[in-house]
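Listed here are the chains, written in short residue letters.
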Amino acid sequence: MKNPIWNNEELILALDLYFQIEYGQMDGRNPQVKTLSEILTLMHESDGFSRSVNSVSLKLANFKRIDPKFKGKGMTGGGKLDESIWNEYSHNKQLLHTQAEEIIKKIINRNITNTPSLAVEDYESRTEGGRKIYVSQKSERDARLKNAAIRIHGTSCQVCGFNFGLMYGEWGEGFIEVHHLYPLGANETAERITDPAKDLIVVRANCHRMIHRKKDITLTLKELKQKINPVYSNE
């Protein structure tokens, strides 16, 4: 079944991304292209189809054809709505970005609202919120190493390419978790030198949880990438 043509909101999101990245970065290997694919797929979750990274990169190429600053030919095709969106927003990129952020918020809120709640028999009320004192040992972490890792590796997840800034706008800008490739505190008590470039990676929370999902098993970056469902992968 052929996917429907791009609607007005999809094109606003695509054009907003178009103005954020360089011409040579508009292919399926770009984490931002991949993230937009995920957002559009979430938009159409109830319709039963998705926008692949290839579909997103082709749409960006359609805009190249319209863009007077682009020196190449771009991708032929596209529809009249492409040109309409371009004419409406290409001279007002701030309005475009504001509209894109509102659309993303609407997609996320709709997805949360449509999540089925638990049936009454699936849970019971229990008391929580009391105060307990725990005494334990925890491996010391240096915040400066975390900050250095983010400066080196950026803020796009090195497993799936997700970027919080693109998804949540200014609120998510710069946010990412940092993972130690060689876990601290794993049957060891000695301090060690950590190289933020070689020993640390940046990952989104979901991927971080999957790395540590099973006790006594810590997946490598390569191993977790291999487990990603092909539907969400551009490789």
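One can find the structure itself at the top, above this paragraph.
Residues numbered from 1 in each chain as written. Predicted model: local features only at pLDDT ≥ 70, side-chain atom pairs only at ≥ 80, totals over all residues. Heavy atoms only, no water.

**A closer look at the overall build of the protein chain**
Along its length, the protein chain carries nine helices and two strands. Reading the helices (α) and strands (β) of the protein chain from amino to carboxyl end gives α-α-α-α-α-α-α-β-β-α-α. With 235 residues in all, the protein chain has 34% of them scored as buried. The long-range fraction of contacts in the protein chain, counting pairs at least 24 apart against all pairs at least 6 apart in sequence, stands at 63%. Approximately 16,400 Å² of the protein chain is accessible, and the part contributed by carbon and sulfur atoms is 50%. (Helix = DSSP H or I, 4+ residues; strand = E, 2+ residues; numbered from the N terminus. Buried < 20%, exposed > 50% of the residue type's maximum accessible area, 1.4 Å probe, protein only. Contact = heavy atoms within 4.5 Å. Areas by Shrake-Rupley, 256 points an atom, 1.4 Å probe, with all protein chains shown as cover.)

**Description of helix 3 (residues 53–66)**
Helix length check: helix 3 (14 residues) gives 21 Å between terminal C-alpha atoms against 20 Å at 1.5 Å per residue, within 8%. In terms of residue burial, helix 3 counts as a mostly covered element, since ten of its 14 residues are buried. Taken residue by residue, helix 3 has Val53, Val56, Ser57, Lys59, Leu60, Ala61, Asn62, Phe63, Lys64 and Ile66 as its buried positions. (Expected span 1.5 Å × (residues − 1).)

**Description of the environment of Asp67**
Summarising the element assignment, Asp67 is placed in the loop between helix 3 and helix 4 (80–89). Between the C-alpha atoms of Asp67 and Ser90, which are 23 residues apart in sequence, the distance is 9.0 Å. Residues in contact with Asp67, not counting those within four places in the same chain, are Tyr18, Tyr23 and Trp86. Of note is the side chain of Asp67, whose polar atom sits 2.8 Å from the side chain of Tyr18. (Polar contact = N/O pair within 3.5 Å; in protein donor to acceptor, adjacent residues only side chain to side chain.)

**Description of the environment of Lys34**
Looking at where Lys34 falls in the secondary structure, it is placed in helix 2 (residues 31–43). By relative accessible area, which is 9% here, Lys34 ends up buried.

**Details of helix 6 (residues 143–153)**
Turning to helix 6, its buried residues number three or more, namely Ala148, Ala149 and Ile150. Considering only its buried residues, helix 6 is in contact with strand 1 (177–180) and strand 2 (200–203). Looking one or two places after helix 6, you find Gly154, whose phi comes out positive at around 85°.

**Regarding the nonpolar core**
In this structure, Leu13, Leu15, Leu60, Phe63 and Cys157 are the most contacted members of the largest nonpolar core, which totals 46 residues. Leaving out residues up to four positions away in the same chain, Leu15 has contacts with Phe63, Ile85, Trp86, Tyr89 and Leu96. (Core = buried A, V, L, I, M, F, W, Y, C linked by side-chain atoms within 4.5 Å.)

**What about the pattern of salt bridges?**
All chains considered together, the criterion is met by six salt bridges. The salt bridge partner of Arg29 is Asp27, with a shortest N-O separation of 3.2 Å. A salt bridge links Lys105 to Glu102; the shortest N-O distance between them is 3.9 Å. Highlighted residues: Lys105 and Glu102, both in helix 5 (residues 93–113), separated by three residues, approximately one helical turn. (Salt bridge = Lys/Arg side-chain N within 4 Å of Asp/Glu carboxyl O.)

Any functional reading would require information beyond the geometric quantities listed.
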